[in-house]
Amino acid sequence: EHLAGHLPTHMKGLDEALCGGIPFGVLTELVGPAGIGKTQFCLKLSLLASLPANYGGLDGHVIYIDVESKFSSRRLIEIGVKSFPEIFHRKEMAQEMAGRIHVLRPASLSEFTESLQQIKVSLLQNQVKLLVIDSMAALVTGEFEHGAPRQKTLGWHVSFIKSLAEFSRIPVVVTNQVRSQSRDETCHYFFQVQSWNETIEDRTRHDSHLVAALGINWAHAVTIRLVLEAKSGQRFIKVAKSPIAPPLAFPFNITSSGILL
Ligand code: ATP
Ligand code: MG
């Protein structure tokens with residue numbers, strides 16, 4: 001049993017900044033615009049949580065709440081084959097790894113609420129080593145449901161998810177899309193990665209965007225916030241909130257092997 005309570009991302013600089021990776025027992029949020037790589041990051045983490053320990057994995061199961069039907073098991077296998085060929089070239093091993101990732105697709109907020117209760121039961125069985133919710137904001141705006149968009153706050157859900165992380169002591173990773181009129185504008189006013197001279201006003205605008213979507217509880221419930229952004233054609237991961245890490249930014253790429261620093 002690992003004493004260090006982290007899921008390594010296998011992205012060296014990021015793991016160092018986070019003292020080992022995505023911590024157990026708290027919420028980690030991935031924020032960024034559409035297409036930046038949040039789901040790719042979640043797929044990679046799911047793979048790593050399911051891999052045997054001698055490959056740097058947690059040898060566990062994953063519960064993946066796929067709100068917008070963006071999970072792709074084909075893509076997961078592709079990342080596996082490229083990153084861990086010894087495992088994924090053996091068909092039965094590849095199937096076992098993929099079979100450890102349990103994808104839930106709630107069709108409504110009430111289905112999501114029910115699934116949280118089921119997840120609590122699953123977590124008591126101790127095999128689940130990662131919970132992913134991709135994405136939380138989509139649940140609130142209701143864009144994944146048919147019909148008119150809704151605006152609801154998720155205060156109860158946020159507390160419940162946080163308590164799941166705490167009692168089960170597993171990493172919980174939640175994505176959120178940051179919307180804006182244009183992607184360039186997002187990058188310009190939210191995050192000035194290179195110089196790290198984000199103004200208080202910028203930060204407030206960023207936070208208030210999500211607060212408007214998810215309620216004030218959300219901002220406080222998240223322990224680590226990683227912001228993904230693109231600037232001049234280069235993607236960056238920024239450690240925007242952390243109790244331990246300084247505000248660092250890491251350039252990253254997405255290839256057939258998945259997300260890489
Ligand atoms: P959204 O908010 O819309 O869900 P996201 O942040 O989750 O977006 P992802 O779906 O994780 O974005 O990333 C999509 C990007 O990943 C694509 O734009 C593409 O650049 C890259 N990508 C996906 N599959 C591959 C692949 N097989 N090889 C290389 N790059 C890929
Ligand atoms: Mg996505």
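Structural data are supplied above this passage.
The model shown is predicted, which means the values in this text are computed figures rather than measured ones.

> Please explain the pairing of strand β4 (residues 61-66) as it appears in this structure.
Burial runs high along β4: five of the six residues are buried. Here β4 runs beside strand β6 (residues 128-134); their pairing, made up of six bridges, is parallel. What sits directly across from H61, in β6, is V128.

> Even after reading the chapter, I still don't get the environment of W156, so can you show me in this structure?
With respect to the element layout, W156 can be found in helix α8 (residues 155-168). Expressed as a C-alpha distance, the spacing of W156 and T113, which sit 43 residues apart in the sequence, is 9.7 Å. The residues contacting W156, other than those within four sequence positions of it, are T113, L116 and Q117.

> Even after reading the chapter, I still don't get the packing of helix α2 (residues 38-50) against helix α3 (residues 73-83), so can you show me in this structure?
Where α2 contacts α3, the two axes come as close as 10 Å, and the packing angle between them is 60 degrees. For the crossing formed where α2 meets α3, the hand is right-handed. Residues Q40, L43, K44, S46 and L47 of α2 form the contact with α3, whose participating residues are R75, L76, I79 and G80.

> How should I be thinking about the packing of helix α6 (residues 109-124) against α8 in this particular structure?
Each pair of packed helices gets described by two things: the angle between the helix axes and the distance between those axes. The interhelical angle for the contact between α6 and α8, taken along N-to-C directions, is 15 degrees, at an axis separation of 11 Å. Between α6 and α8, the angle is such that the two are roughly parallel. Seen along the crossing, α6 lies across α8 with a hand that is left-handed. Two secondary-structure elements touch here, α6 through L109, F112, T113, L116, Q117, I119, K120, L123 and L124 and α8 through W156, H157, F160, I161, L164, F167 and S168. Taken together, the residues of the contact of α6 with α8 break down into eleven nonpolar, four polar and one charged.

> Would you take a moment to explain the site of ligand 1 for this structure?
Close to ligand 1 lie 16 residues; G35, K38, T39, Q40 and Q177 are nearest. Between ligand 1 and I36 there is a distance of 3.3 Å, counted from an oxygen atom to a backbone nitrogen or oxygen. The side chain of T39 places a nitrogen or oxygen atom 2.8 Å from an oxygen atom of ligand 1. At the level of secondary structure, the elements contributing two or more residues to the shell around ligand 1 comprise α2, α3 and β10 (249-255).

> Would you mind going over the packing of aromatic side chains with me for this structure?
The geometry of two aromatic rings is summed up by the distance between their centres and the angle between their planes. Tallying each qualifying case throughout the model produces three aromatic pairs. Ring geometry for W156 and F160: centres 5.0 Å apart, planes at 25 degrees, overall stacked. Linking W156 with F160, this pair stays in helix α8, spanning four residues, or about one helical turn. A relative accessible area of 11% places F160 in the buried class. A cation sits over an aromatic face here: K120 above F167, 5.9 Å from the ring centre.

> Hey, could you run me through the sheet that holds β4 in this one?
The strands making up a sheet associate through hydrogen bonds between their backbones, and the pairing can be parallel or antiparallel. Taking strand neighbours across the sheet as the criterion, the nine strands line up as β5-β4-β6-β7-β3-β8-β9-β10-β11 in an open arrangement whose pairing is mixed. Two strands bound the open sheet, and with one partner strand each, they are β5 (101-104) and β11 (258-260). Averaged over all pairs of adjacent strands, the angle between strand axes in this sheet comes to 25 degrees, irrespective of strand direction. As judged from the three bridges shared by β6 and strand β7 (residues 172-177), these two strands associate in the parallel manner. Along β7, the bridge assignment pairs I133 with V174.

Quick notes on the rules
- Each chain has its residues counted from 1, running along the sequence as written.
- Lettering of chains starts at A and numbering of ligands starts at 1, both following the order in which they are written.
- Restriction of local features to residues with pLDDT of at least 70 applies here, the model being predicted, together with a cutoff of 80 or more for giving and counting side-chain atom pairs; totals for whole chains, interfaces and linings are based on all residues.
- Excluded from the side-chain calculation are hydrogens and water; included are all heavy atoms of the structure.
- Exposure classes here rest on a 1.4 Å probe applied to the protein chains alone. A residue is buried below 20% of its type maximum, exposed above 50%, and partly exposed in between.
- Numbered from the N terminus, helices here are DSSP runs of H or I no shorter than four residues, and strands are runs of E no shorter than two.
- Two strands are counted as paired when DSSP detects at least two bridges linking them.
- Here a residue-residue contact requires only that any non-hydrogen atoms of the pair lie within 4.5 Å.
- Helix axes use the C-alpha atoms of the stretch in contact, all axes being lines fitted to C-alpha atoms, and the angles between their N-to-C directions lie in the range 0 to 180 degrees.
- By definition, turning the near helix anticlockwise from the far helix through less than a right angle yields a left-handed crossing, and turning it clockwise yields a right-handed one.
- An angle below 35 degrees is read as roughly parallel, one above 145 as roughly antiparallel, one from 65 to 115 as roughly perpendicular, and any other as oblique.
- Under the scheme applied here, ten amino acids are nonpolar (Ala, Val, Leu, Ile, Met, Phe, Trp, Tyr, Cys and Pro), four are charged (Asp, Glu, Lys and Arg), and all others, including Gly, are polar.
- Nearness here has a simple test: a residue counts as near a molecule or strand if at least one of its heavy atoms is within 4 Å of that partner.
- For this analysis, a polar contact is any N or O atom pair within 3.5 Å, provided that within protein one partner can donate a hydrogen and the other can accept it, and provided that sequence-adjacent residues contribute only side-chain to side-chain pairs.
- Stacked, edge-to-face and tilted labels apply to pairs of Phe, Tyr and Trp rings (six-membered ring for Trp) whose centres lie within 6.5 Å, assigned for plane angles under 30 degrees, over 60, and everything in between, in that order.
- Only when the NZ atom of a Lys or the CZ atom of an Arg is both within 6 Å of the ring centre and within 35 degrees of the ring normal do we say a charge sits over the ring.

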